[in-house]
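So the chains spell out like this:
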Amino acid sequence: EIGDLAVWSLSTAKPGNGVEQLRDDDVNTYWQSDGPQPHLVNIQFHRKMVIHHIRVYTDFKLDESYTPAKISIRSGTTFHDLQEIHVQELHEPSGWHTILPTIEQAAGGGEGGGGPLRTHFIQVAVLANHQNGRDTHIRQIKIYTPRRLMGRHMDLPHFSS
């Protein structure tokens, strides 16, 4: 999980329900937005990172109308050049949901063979909630790199036996 290597920000948050709760590894806490949709989670890395998948934890049974129903993943270098690369519909989700943005999706179906996404900036946008809810609850978000690349961001030497 490489989320700790990023700077996280939110479009809005209720006091006591912000980035800290979104990233605290506790599914009993959550980020709660406080304003009009779309609700945004911005994840900015200091250098281009390889993203294998994104995992989002939600709980429809506890959060009901606060639960996201449609999430968009956007990628780019900064806020100014973000492009939507994936949209995922969630139907009364409870637990972890994996989103797999690939190079093919990021390039609009071009070449690339569907490998991992390489980006500086990811935005998770909640476009709609269940039961037409206004604000949203997301309990956790995790960002993963492929296992074979895990140590590369630390500039560790390559070892072989």
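Residues numbered from 1 in each chain as written. Predicted model: local features only at pLDDT ≥ 70, side-chain atom pairs only at ≥ 80, totals over all residues. Heavy atoms only, no water.

- Per an unreviewed UniProt entry, the recorded name for the protein is Anaphase-promoting complex subunit 10, and the organism is Emiliania huxleyi.
- Recorded in UniProt under Function (unreviewed entry), the annotation for the protein is "Component of the anaphase promoting complex/cyclosome (APC/C), a cell cycle-regulated E3 ubiquitin-protein ligase complex that controls progression through mitosis and the G1 phase of the cell cycle."
- The annotation that UniProt attaches to the protein under Sequence similarities (unreviewed entry) is "Belongs to the APC10 family." (UniProt positions renumbered as here; feature names shortened; annotations may be inferred.)

**Concerning the sheet that holds strand β10 (residues 140–144)**
Phase 1: If you walk across this open sheet you meet the three strands as β7-β4-β10, and the pairing is antiparallel. A strand with exactly one partner marks an edge of an open sheet, and here the two such strands are β7 (94–99) and β10. Neighbour-to-neighbour, the strand axes of the sheet open up by a mean angle of 15 degrees, direction not taken into account.
Phase 2: Relative to β7, strand β4 (residues 53–59) runs antiparallel, the two being bridged by six bridges. When the sheet's bridge partners are listed, Thr 58 is paired in β7 with Gly 95. (Pairing = 2+ DSSP bridges. Helix = DSSP H or I, 4+ residues; strand = E, 2+ residues; numbered from the N terminus. Axes fitted to C-alpha atoms, helices over the stretch in contact; angles between N-to-C directions.)

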